[in-house]
Amino acid sequence: MNKKLLLSLIVLGAVTFSAISCGSEGVKKDEPSVDVNELANKQSETKGPEVKEADIQITHPLNKEWVTSGKSIYELKCQPCHKLNEEKLVGPGWKDVTKRRSPVWIMNMITNTEYMLDKDPEAQKLLELCMVRMPNQNLTLDEARQVLEFQRSNDGEK
């Protein structure tokens, strides 16, 4: 019985605090609305330098530290649009992406998204398939390389 009473008091206190902290005015009607598309268009895109074959060292075995970092980046920036299997979500699934695409292509797609979508025939095919432009996540070359290492791990490399 005491636990129920204590829980009720905590809930009542939280509701009261919430009501007091929000004030009695609620949402002000004269506040300007925020246009999310306009904000996105104003965000400057960081274009990385073009990645060339000589810029990428593929390690064997995988760099476990990069795999871990790449997974964290995936969960934060990539997971909302890409599944780790072959299923399309917003963007294509990542299963076997490192078997279908070269490391240079993947790195350029991550760091030079707009350029790739405008100029690369394979990226343009993906755009037609997905019907949504991949937003540039403004990853550094090091972060993109870590994502690539995670993709390699996801594709079964050791």
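To keep things clear, this report deals only with the structure shown in the data block. Note that the structure is predicted; figures quoted are calculated from it, not measured. (Residues numbered from 1 in each chain as written. Predicted model: local features only at pLDDT ≥ 70, side-chain atom pairs only at ≥ 80, totals over all residues. Heavy atoms only, no water.)

1. Quick look at the overall build of the protein chain
Next, step 1: In terms of helices and strands, the protein chain carries eight helices and zero strands.
Next, step 2: Reading the secondary structure of the protein chain in the N-to-C direction produces α-α-α-α-α-α-α-α.
Next, step 3: Per-residue burial for the protein chain yields a buried fraction of 28% across its 158 residues.
Next, step 4: Restricting to contacts in the protein chain with at least 6 residues of sequence separation, those with at least 24 account for 67%.
Next, step 5: By element, 58% of the accessible surface of the protein chain is carried by carbon and sulfur atoms, the whole surface being about 11,300 Å². (Helix = DSSP H or I, 4+ residues; strand = E, 2+ residues; numbered from the N terminus. Buried < 20%, exposed > 50% of the residue type's maximum accessible area, 1.4 Å probe, protein only. Contact = heavy atoms within 4.5 Å. Areas by Shrake-Rupley, 256 points an atom, 1.4 Å probe, with all protein chains shown as cover.)

2. Section: a nonpolar patch on the surface
Next, step 1: Where nonpolar side chains cluster on the molecular surface, the patch consists of Leu89, Val90, Met131 and Val132 and spans about 370 Å² of accessible area.
Next, step 2: As for its placement among the helices and strands, valine 132 is situated in the loop between α7 (121-130) and α8 (141-154).
Next, step 3: For valine 132, a relative accessible area of 46% translates into the label partly exposed. (Patch = residues over 30% accessible without salt bridge, like charges linked within 9 Å, V, L, I, M, F, W, Y side chains within 5 Å. Salt bridge = Lys/Arg side-chain N within 4 Å of Asp/Glu carboxyl O.)

3. A short note on the packing of helix α5 (residues 103-111) against α8
Next, step 1: Between α5 and α8, the shortest axis-to-axis distance is 10 Å and the interhelical angle comes to 130 degrees. Between α5 and α8, the interaxial angle falls into the category oblique. In this structure, α5 crosses over α8, and the sense of that crossing is right-handed. Residues Pro103, Ile106, Met107, Ile110 and Thr111 of α5 pack against Leu141, Ala144, Arg145, Val147, Leu148 and Gln151 of α8.
Next, step 2: Class assignment of the residues belonging to the contact of α5 with α8 gives a composition of eight nonpolar, two polar and one charged. (Axes fitted to C-alpha atoms, helices over the stretch in contact; angles between N-to-C directions. Parallel < 35°, antiparallel > 145°, perpendicular 65-115°, else oblique. Left-handed = near helix turned anticlockwise from the far one by under 90°. Nonpolar A, V, L, I, M, F, W, Y, C, P; charged D, E, K, R; others polar.)

4. A short note on the environment of methionine 109
Next, step 1: Among the structural elements, methionine 109 can be located in helix α5.
Next, step 2: The exposure class assigned to methionine 109 is buried, which follows from its relative accessible area of 9%.
Next, step 3: The spacing of methionine 109 and glutamate 50 is 59 residues in sequence and 10.0 Å in space, taken between C-alpha atoms.
Next, step 4: Excluding residues within four positions of it along the chain, methionine 109 makes contact with Met116, Leu117, Ala123 and Met134.

5. Considering α7
Next, step 1: Within α7 the residues assigned to the buried category are Ala123, Leu126 and Cys130. Considered in projection along α7, the buried side chains sweep an arc of 55 degrees and stay on one side of the axis. Turned more than 90 degrees away from the buried face of α7, the exposed residues are Pro121, Lys125 and Glu128.
Next, step 2: For α7, the elements touching its buried residues are α5 and α6 (113-119).
Next, step 3: Two residues or fewer after α7 comes methionine 131, characterised by a positive phi angle close to 65 degrees. (Arc of directions from axis to C-beta.)

6. A closer look at the packing of helix α3 (residues 64-78) against α8
Next, step 1: Their axes nearest at 7 Å, the elements α3 and α8 cross at an angle of 100 degrees. It follows that α3 is roughly perpendicular to α8 by the angle criterion. When α3 is examined against α8, the residues Trp66, Val67, Ser69, Gly70, Lys71, Ile73 and Tyr74 are found in contact with a partner set consisting of Glu143, Arg145, Gln146, Val147, Glu149, Phe150 and Ser153.
Next, step 2: Among the residues forming the contact of α3 with α8, the class breakdown is six nonpolar, four polar and four charged.

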